[in-house]
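# An overview of the molecular structure
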Amino acid sequence: MLEIEIDGKKAQVPDGSTVMDAAQQLGVYIPHFCYHKKLSIAANCRMCLVQVEKAPKPLPACATPVTNGMRVFTHSDLAVKAQKGVMEFLLINHPLDCPICDQGGECQLQDMSVGYGPMQSRYTEEKHVVFHKNVGPLISMEEMSRCIHCTRCVRFGQEIAGIMELGMANRNMHSEIQTFVGRSVDSELSGNMIDLCPVGALTSKPFRYTARSWELQRRKSVSPHDSVGANLVVQVKHDSVMRVLPRENDAVNECWISDKERFSYQALNTDQRLTKPMVKQGGEWVECDWNVALDYVAHGLKDIVRDHGGDAVAALATQNATVEELYLLGKLMKGLGSGNVDFRARQSDFTSDGKRAGAPWLGLRLAEIKDLDAALVIGSFLRKDHPLIAQRLRQAAKKYTKVSLVSVTADDQLINLHGRLTVAPSQLVFALAAVVRAAAEAKGMATPAGLENVAVCDESRKIAQSLLDGEKRALFLGNVATQSADATQIHALTCLLGEITGASVGFLGESANTVGAHLAGALPTAANARQMFEQPRQGYVLFGVEPEFDCANPQQALAALRQAQMVVVMSAFKHDPALDYADVMLPLAPYTETSGTFVNIEGRIQSFNGVVKPLGAARPAWKVLRVLGNVLALDGFDYMSSEAVRDEVLGDDKEFAAGLDNGLSGVAVALPAVASGGLQRIADVPIHFADAMARRAPALQQTADGKAPILRAAAATLAALGIEAGATVRVRQGDGVATLLAQADDKVPANCVRVAAAHPTTAMLGEMFGAISVERA
């Protein structure tokens, strides 16, 4: 520890700290632009110049290391003169357009010009003008003359997002921030550049000119999209959500959020919102009052139970629903005598049900990822499925963490990977088995039973060795591993690998409340999410789920729904395909209009309140389920608040939930038969189609990640099919057909085609990782 004195205040700071670090520890403010605690030190704005005793000239606080006994003066005549001189230079070319600037009222330059700027400019020459640039639908660069060249946006791309999309061109006063040869900014974390920009150069294109900062009310919330449970600040004007920003929480999302979390609020204000209950009468949809709709639902469900028994009714929920909503939905189904309730719509292997030791979770705290010596991610489109976890692994890999990936595509994760195995979905379990056998051999153990015939390659040995070195290691199961037809065996092998290497075992989680859904008990005691469609029921309750986009086999789900006697759709949005098969649609309040609780992937309990009033006749889902329980005359539906429901589910747990355990019992390692030849589909869920809100956000749908799916396959696979890159092809699964463009992509394994799910173009296809046929259109 080193001693330092700043403006008469003394402190002790660790060796290697800068003057800026020490000042922040003491609560001493030093003006700055380019410095940010999560980015590297650039020291190019020079606004943080301070006087250091015995130094011949002012020094930048952000880049000056502390020495023992150092004395610093931040408000001496020398320091203030230097800071004012820097401010005058920064304002030379800056346009005087604060009244019409979208950053007005929350601009660091505006604030500092009051304290450090001159009363009038001495610069009378012509100002340098930078022409606007179009970098996509999310970030506006239309006023780049305001840029002060702090390079925060450039460093963010290089260091946090992992891809340098913006850079500095030219020299001195002619410097410009721009993309390479007119490219757009497409990173899934790009919106954070808007927050980092200290002036009005980079602004939010969807928010632009819709409200002034002083008109907005700032309210806390929690993201319903990501399994991390990012903390948000939702900004509101006249009961409308105008903007969503990150709320800093180093233990959860640090100070970042993904673009999906930032811009999906647009869906809340579109005409696609469902605002009144609707009932189908004589084939026509009619708006009605809540009491009419709920009576209709209650009578319909009662009739089905009376005529066919409770097993004839099933409920499927979204993992974006709150703990309270999922618990009440499960309770409602149990009250009807049905054990058919589930939230795992995209899962296809349920043989681990009843064999889990507890609710699946990350296996460690999010903040511990940076301390790992090695990590293996199994079956994940990591960047797009879990952008904030990918960001943490990216930072860890820059230091000493050996990050490896076993998955079904060779997509660039923008992470310095230690090892990688890319295989077809049917081979994922065998690739993992090879790592398990290699780890056992490297440790001098006997080959685990059932793995005697598994071939081990150099890459699997390399990955296995990384998991044996060091002290802290982790294994993470991604969405592909969970959705695989071999999910239970993959889980069992991962547990075995954890025992051999001493690594923790964890799940990355599909959505915001995957852990909470398990804790809420929204799990089947009879038919699971697959069986309820394989064996069609007479009545279905669809809670926030859109089967053609959210199910492992949409084709099968739609066939079951169309033959049902009654389908109840409970959603915040109008859902055009549901108009065909649904009988009643109940408008629910989204996360901004209700209170509830999410349990993130590390088991952290995060409750939130609504930030605006429900739109139209929409109502909080927990209230709708409570009233429906009362209309059905079921016991235990007398809750007066969502907090009462939460306390019944989670008990005395306040910060972290109990009952989290990734253990698996009663499952022996037994590898499946080697898949026969044929073409296999790889279905990713595009980041901006993963849930109902993101699908309806106009700006997100205009991004590169919002483009319609195409068929991707290795050049050799296309050649074997007699298809040229760029040709139009017809894709078939069962009775479903989709017409797509073909593109050569050698990141896709041989004999596989990558066709995204969760999109209207591919909604009629079948299994996400099933057999598929392709022919020239």
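In what follows, the structure referred to is the one given above.
Residues numbered from 1 in each chain as written. Predicted model: local features only at pLDDT ≥ 70, side-chain atom pairs only at ≥ 80, totals over all residues. Heavy atoms only, no water.

So, on to the overall build of the protein. In terms of helices and strands, the protein carries 24 helices and 33 strands. Taken against the 2.2 N^0.38 rule, which gives 28 Å for 777 residues, the C-alpha radius of gyration of the protein at 28 Å falls within 12% of a compact globule. Along the first, second and third principal axes, the C-alpha atoms of the protein reach 90 × 70 × 60 Å. Burial statistics for the protein: of 777 residues in total, 60% are counted as buried. Partitioning the contacts of the protein with sequence separation of at least 6, the portion at a separation of at least 24 is 72%. Taken as a whole, the protein presents about 30000 Å² of accessible surface, with 51% of it coming from carbon and sulfur. (Helix = DSSP H or I, 4+ residues; strand = E, 2+ residues; numbered from the N terminus. Rg over C-alpha atoms; globule rule 2.2 N^0.38 Å. Buried < 20%, exposed > 50% of the residue type's maximum accessible area, 1.4 Å probe, protein only. Contact = heavy atoms within 4.5 Å. Areas by Shrake-Rupley, 256 points an atom, 1.4 Å probe, with all protein chains shown as cover.)

Turning to the side chain of T151, a few remarks are in order. Among the secondary structure elements, T151 is positioned in the loop between β7 (139-141) and α4 (152-161). A distance of 3.2 Å separates the side chain of T151 from the side chain of N44, its partner in a polar contact. (Polar contact = N/O pair within 3.5 Å; in protein donor to acceptor, adjacent residues only side chain to side chain.)

Pairing between side chains of opposite charge can happen when the charged atoms of each approach one another. The full count for this structure, using the stated rule, is 44 salt bridges. We note a salt bridge from R437 to E441, for which the minimum N-O separation is 3.1 Å. With R437 and E441 both in helix α11 (residues 428-442) and four residues apart, this pair spans about one turn of that helix. On the accessibility criterion, E441 (37% relative accessible area) is partly exposed. (Salt bridge = Lys/Arg side-chain N within 4 Å of Asp/Glu carboxyl O.)

Scanning all chains against the criterion turns up three aromatic pairs. An angle of 55 degrees between the planes, with centres 5.2 Å apart, marks the rings of F156 and W256 as tilted. Highlighted residues: F156 in helix α4 and W256 in the loop between β13 (240-246) and α6 (259-263), separated in sequence by 100 residues. Their ring planes at 35 degrees and their centres at 5.0 Å tell us that F598 and F608 sit as a pair that is tilted. One end of the pair, F598, is in strand β26 (residues 596-599); the other, F608, is in strand β27 (residues 605-608), with ten residues separating them in the sequence. (Phe/Tyr/Trp six-rings, centres within 6.5 Å; stacked < 30°, edge-to-face > 60°.)

Quick look at the sheet that holds strand β23 (residues 539-543) now. Neighbouring strands of a sheet are bound in pairs by backbone hydrogen bonds; such pairs are parallel or else antiparallel. An order of β15-β14-β25-β24-β23-β16-β17 is seen for the seven strands of this open sheet, with the pairing classed as mixed. A strand with exactly one partner marks an edge of an open sheet, and here the two such strands are β15 (284-287) and β17 (341-342). Both strand β16 (residues 313-317) and β23 contribute to a ladder of five bridges, which runs parallel. Note that in β23 the partner of A317 across the bridge is F543. (Pairing = 2+ DSSP bridges.)

One can describe the packing of α11 onto helix α12 (residues 458-468) by two numbers: an axis separation of 8 Å at closest approach and a directional angle of 60 degrees. When the axis of α11 is compared with that of α12, the two are oblique. Both α11 and α12 take part in a crossing whose hand is right-handed. Within the contact between the two elements, α11 uses A434, V435, A438, A439 and A442 and α12 uses S460, R461, I463, A464, Q465 and L468. A per-class count over the contact of α11 with α12 returns eight nonpolar, two polar and one charged. (Axes fitted to C-alpha atoms, helices over the stretch in contact; angles between N-to-C directions. Parallel < 35°, antiparallel > 145°, perpendicular 65-115°, else oblique. Left-handed = near helix turned anticlockwise from the far one by under 90°. Nonpolar A, V, L, I, M, F, W, Y, C, P; charged D, E, K, R; others polar.)

This part takes up the environment of E284. Here E284 is to be found in strand β15. Taking the C-alpha atoms as reference points, E284 and L579, 295 residues apart in sequence, are found 9.3 Å from one another.

This paragraph deals with empty space enclosed by the protein. In total, this model carries eight cavities of 30 Å³ or more according to the counting rule given. In this model, the second largest cavity occupies a volume close to 190 Å³. Around the second largest cavity, the lining comprises 17 residues; the ones closest to its centre are Q347, P360, T482, T514 and H518. Those elements giving two or more residues to the lining of the second largest cavity turn out to be α13 (479-483) and α15 (514-519). Tallied by class, residues from the lining of the second largest cavity come to five nonpolar, eight polar and four charged. (1 Å grid on protein atoms, 1.4 Å probe; cavity = no way out; pocket = protein on both sides within 12 Å on 5 of 7 lines; lining within 4 Å. Points joined across faces, edges and corners; volume = space filled by probe spheres on them.)

Another aspect to go through is helix α3 (residues 108-116). Residues of α3 that are buried: L109, M112 and Y116. The buried residues of α3 all sit within an arc of 70 degrees when viewed along its axis, so they share a single face. Exposed side chains of α3 directed beyond 90 degrees from the buried face belong to D111 and V114. (Arc of directions from axis to C-beta.)

Here we come to the nonpolar core. Membership of the largest hydrophobic core comes to 147 residues, with the highest contact counts inside it found for L393, F476 and L586. Setting aside residues up to four positions removed in sequence, F476 forms contacts with L362, L364, L372, A375, L376, V377, I378, L393, G506 and L508. V423, V454, L496 and F689 belong to the second largest nonpolar core, which has 51 residues in total. (Core = buried A, V, L, I, M, F, W, Y, C linked by side-chain atoms within 4.5 Å.)

Turning our eyes to something else, we now look at the pairing of β13. With six of its seven residues buried, β13 lies for the most part within the structure. In terms of strand pairing, strand β12 (residues 231-237) meets β13 through six bridges, oriented antiparallel. Pairing of V234 across the sheet is with V244, part of β13. Remark: two residues form the turn of the hairpin made by β12 and β13, two consecutive strands paired antiparallel; H238 in that turn has positive phi of roughly 50 degrees.

What follows deals with the state of the cysteines. Put plainly, a disulfide is one covalent bond tying together the sulfur atoms of two cysteines. Per the counting criterion, the structure on display carries zero disulfides. Unpaired in this structure, C48 has its nearest cysteine sulfur neighbour in C62, at a distance of 3.7 Å. Classification of C48 by relative accessible area gives buried; the value is 1%. Sulfur of C98: no disulfide; nearest cysteine sulfur belongs to C107 and is 6.3 Å away. (Disulfide = S-S within 2.5 Å.)

Further remarks concern the sheet that holds strand β11 (residues 217-222). Strand order across the open sheet formed by three strands is β11-β12-β13, with antiparallel pairing between neighbours. Two strands bound the open sheet, and with one partner strand each, they are β11 and β13. Averaged over all pairs of adjacent strands, the angle between strand axes in this sheet comes to 30 degrees, irrespective of strand direction.

Glycine aside, residues mostly have negative phi angles, and peptide bonds mostly take the trans form. One non-glycine residue with positive phi stands out, namely R46, at about 65 degrees. Inspection of the secondary structure assignment puts R46 in the loop between α1 (19-26) and β3 (49-52). By relative accessible area, R46 is classed as partly exposed at 36%. Positive phi values are uncommon outside glycine, yet L414 reaches one of about 60 degrees. Considering the arrangement of structural elements, one finds L414 in the loop between β19 (402-407) and β20 (417-422).

A few words on helix α7 (residues 290-308). The terminal C-alpha atoms of α7, which comprises 19 residues, lie 27 Å apart, in line with the 27 Å expected from a rise of 1.5 Å per residue. Within α7, the full set of buried residues consists of W290, A293, L294, V297, A298, G300, L301 and I304. The arc enclosing the buried residues of α7, seen along the axis, measures out at 165 degrees, which places them on a common side. Of the residues in α7, the exposed ones pointing more than 90 degrees away from the buried face are N291 and R306. Directly after α7, the chain includes G309, whose backbone phi takes a positive value near 90 degrees. (Expected span 1.5 Å × (residues − 1).)

The pairing of strand β14 (residues 278-281) with β15 spans four bridges and is antiparallel. Bridge pairing in β15 places Q281 opposite E284. Linking two consecutive strands that pair antiparallel, namely β14 and β15, is a turn of two residues; a positive phi of about 60 degrees is found at G282 within it.

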